[in-house]
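Descriptive structure summary
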Amino acid sequence: MKARAGADKKNAQPVPVGVNLQRRLSQAHRGSLTGYDDQEGGNMPANFIDDSNMLGRSEDQLKLTDAELNEEHTRILTARNPQAAENIIRYSYKDRIYKPIPHVDQLAVHYQMDSNLINKDSDDAKRQVTVDTATEGVEVATASVGTDAETATKEGEDEDEDKPKKTAGAGGKGKKLTNQFNFSERASQTYNNPCRNRETFVEQTPRAVFTDNVSQWSIFDAYNEDFEQQQKLKEKESKKHTLKKDDDRKKKFVPSDQQAGDEFAKFVRSKTANISLKILERMINLNTFDDIAQGIDFKYWEDAADEYREQQGSLLPLWVFQYDMVKKLSCTNLAWNTQYPDLFAASFGSYDFLKQSRGMFLIYSLKNPSFPENMFPTDSGVMSLDFHPKHPNLLCCGFYDGSVAVYNIADENKRPKYQSTARSGKHTDPVWQVRWQKDDLDSNLNFYSVSSDGRVVCWTLVKSDLMYTDIVQLKLDKPTTETDEGVPLTTLGCGTCFDFNKQQDYLFIVGTEEGKIHKCSKSYNNQFLDTFDAHHMAVYAVRWNTYHPKIFASCSADWTVKIWDINYKDPLFVYDLGSAVGDVNWAPYSSTVFAACTADGKVFVFDLNVNKYEPLTEQIVVQKKRTKLTHITFNHQFPILLAGDDRGNITTLKLSPNLRKKPKVKKGQEVPEGPEAENAKLDKILALIRDPDAAKNKPTTQGATTTS
């Protein structure tokens, strides 16, 4: 057994002291010495002391069994970074969506330093040492060349000191190596811009398959054609050169007449010549139309036949305003300028839905009937316009596409100053009428418009913007219908015309395509004040009386013109004119005179003070058959009226004395004038219609119907 133990001791490997100590400590903590006995393979030595109590074990420490102590607990170490986020989402420019990043960088760098150390035992290190020693030897040799005798003696004296240095240098021990750890490399990290993809939709290029057989004769023909084309080009160039030479020769001998013509052309092109040329053109026209303008027609003509016919009158045609660019368009509106009585504007468009194209409005003057003063072309048909009462240069327009605009006719630029768009609340149907109103509380200009979409809109000019406010929505009396989804739909009426009261500007009336007339107010947006079942067809025009605040007239496609009192549901007068009535207008000089135009080319003038049942004149004023009159208007100063037709022509008519005469009075009395006298004259006539028993003992009637 002793030999066996000795053999085992020889074969056993030496155990490190630290491992043995650690093993003993672990066994001491476990409270057993079995591990020691098992490892040594013998009994416990006699001199071994149980030092379990010396290790500071507390009494309340948990005592584990051998099975629990020998149980292995596995710990897996992974290279995953627990601090790295897993839900990073970034925007993909390729897919145009936010996508999560599939791979997250798990690398965590705790320390990093770049170096260029070389192992001193390697071949590269030995080679570097030899190169360094060789360079030092060369430097010493070059420094020793050229020394004199004194240096030689000094070298002899210091020979004892130099020898150990040389031996040291030869052995390589005296060289001072650089500190390889004291090396710093400067670098910078630049930000890499993210990649972005930009895509565009491109239409596919058309492709065509072309096949042909190429032979020698086809190649020969192609070369011949190319040669002929080159010869033709050379001939053209030679002709151009000869023509230039001839022109140069002619320029040298220019007659005086041609030079004067060139100077006149330059004068015409200059901007300062516009005013002078307009004055010259007016002078020529005054000479041409002298018989009409300065003669008996416009100023001094009075129909002598009126003396023999008290209840009849006539209209004298003066001028016909025509322009070639609007021959195929209809005259959609007429408006006199408020400050200049000879100036008026005419708008042109098309009432036919299938023939919509361009539009235009022209500025005419009675001083120049042959050509307009200014032209404003538009992309859509101009259906309505109106001059501002205080600013004669501002003109508002309504277009067929539903937009409205404000123009400055004194500006050379033909573009509008203000214009509504789809974003700024324009109408969805044609704008049939526009009208300027008084400035609001902030002194901003504003005007109103009515359209077939059932809206009456107030447009306000605020700085450079056109602001809108819906005043009234023309709702029908029909019950609301529900769609399949259960959403109630309210049907809106189609507005065709409107007019504001002259004395009470908050009150206005609106005519519709259904034949109704609604009495509205600016203060009530949700309901009408009253509704009149006026006509059986579309209402084309409604006009308040110039003087009386309660009387208005209306005309319709049902051939009738009706006079209404705002307080009565039934009309006071009904006139059947035998054709669709395009427009009706009150005279500015009398409260009882009004005129109307029809689709058969006739103009009717009524005077309720003279004849309440028939017109004083009925006259055809168009030049061609099947020409429809669309609009009519009175001049504010001269006894003339304008009538526009559907062929782009505007006819000027002068009223005879019977159409504008004042009421008769007794001798010695003056003729009453002014608004009060006009109101009294009209009230006297209406009193007979409203309450005839007061004047004559007859049964009461609510209206008088006449047929012409």
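These figures come from a predicted structure and were not determined experimentally. (Residues numbered from 1 in each chain as written. Predicted model: local features only at pLDDT ≥ 70, side-chain atom pairs only at ≥ 80, totals over all residues. Heavy atoms only, no water.)

**What to know about the packing of aromatic side chains**
- Applying the stated criterion across every chain yields a total of 26 aromatic pairs.
- Geometrically, the ring pair formed by Y91 and Y93 is edge-to-face, given 5.1 Å between the ring centres and 85° between the ring planes.
- Since its relative accessible area comes to 35%, Y91 is described here as partly exposed.
- These aromatic residues form a ring-pair network of at least three members: F573, Y575, W586, F594 and F606.
- Lying over the aromatic face of F532, K569 brings its terminal NZ or CZ to 5.5 Å of the ring centre. (Phe/Tyr/Trp six-rings, centres within 6.5 Å; stacked < 30°, edge-to-face > 60°. Buried < 20%, exposed > 50% of the residue type's maximum accessible area, 1.4 Å probe, protein only. Lys NZ or Arg CZ within 6 Å of the ring centre and 35° of its normal.)

**Topic: a positive patch on the surface**
- Side chains of K232, K236, K239, K240 and K244 sit close together on the surface and give a patch of like positive charge.
- Mapped onto the secondary structure, K239 falls in helix α8 (residues 216-252). (Patch = residues over 30% accessible without salt bridge, like charges linked within 9 Å, V, L, I, M, F, W, Y side chains within 5 Å. Areas by Shrake-Rupley, 256 points an atom, 1.4 Å probe, with all protein chains shown as cover. Salt bridge = Lys/Arg side-chain N within 4 Å of Asp/Glu carboxyl O. Lys, Arg positive; Asp, Glu negative; His and termini not counted. Charge placed at Lys NZ, Arg CZ, Asp CG, Glu CD. Helix = DSSP H or I, 4+ residues; strand = E, 2+ residues; numbered from the N terminus.)

**Topic: the pattern of salt bridges**
- Counted according to the given criterion, the structure contains 14 salt bridges.
- When the shortest N-O distance is used, the salt bridge between K99 and D95 registers 2.8 Å.
- K516 is the salt-bridge partner of D533, the closest N and O atoms lying 2.6 Å from each other. You can see D533 sitting in strand β21 (residues 530-533) and its partner K516 sitting in strand β20 (residues 516-521), a full 17 residues away along the chain.
- Judged by its relative accessible area of 62%, D533 falls in the exposed class.
- Judged by relative accessible area, which is 23%, K516 ranks as partly exposed.

**A closer look at the sheet that holds strand β4 (residues 330-336)**
- One open sheet accounts for 4 strands, arranged β4-β5-β6-β7; its pairing is antiparallel. The open sheet terminates on both sides in strands that have one partner only, identified here as β4 and β7 (374-378). Averaged over neighbouring strand pairs, the angle between their axes works out to 15° when direction is ignored.
- Sheet analysis places strand β5 (residues 343-349) next to strand β6 (residues 359-365), joined by 6 bridges and oriented antiparallel. (Pairing = 2+ DSSP bridges. Axes fitted to C-alpha atoms, helices over the stretch in contact; angles between N-to-C directions.)

**Digging into the sheet that holds strand β13 (residues 446-451)**
- Read from one edge of the open sheet, 4 strands run β12-β13-β14-β15, paired in antiparallel fashion. In the strand order of this sheet, the two ends are held by β12 (431-437) and β15 (465-473), each with one partner. Neighbour-to-neighbour, the strand axes of this sheet turn through a mean angle of 25°, independent of strand direction.
- For β12 and β13, the ladder comprises 6 bridges, and the chain directions are antiparallel. The residue bridging V434 from the neighbouring strand is S449, located in β13.

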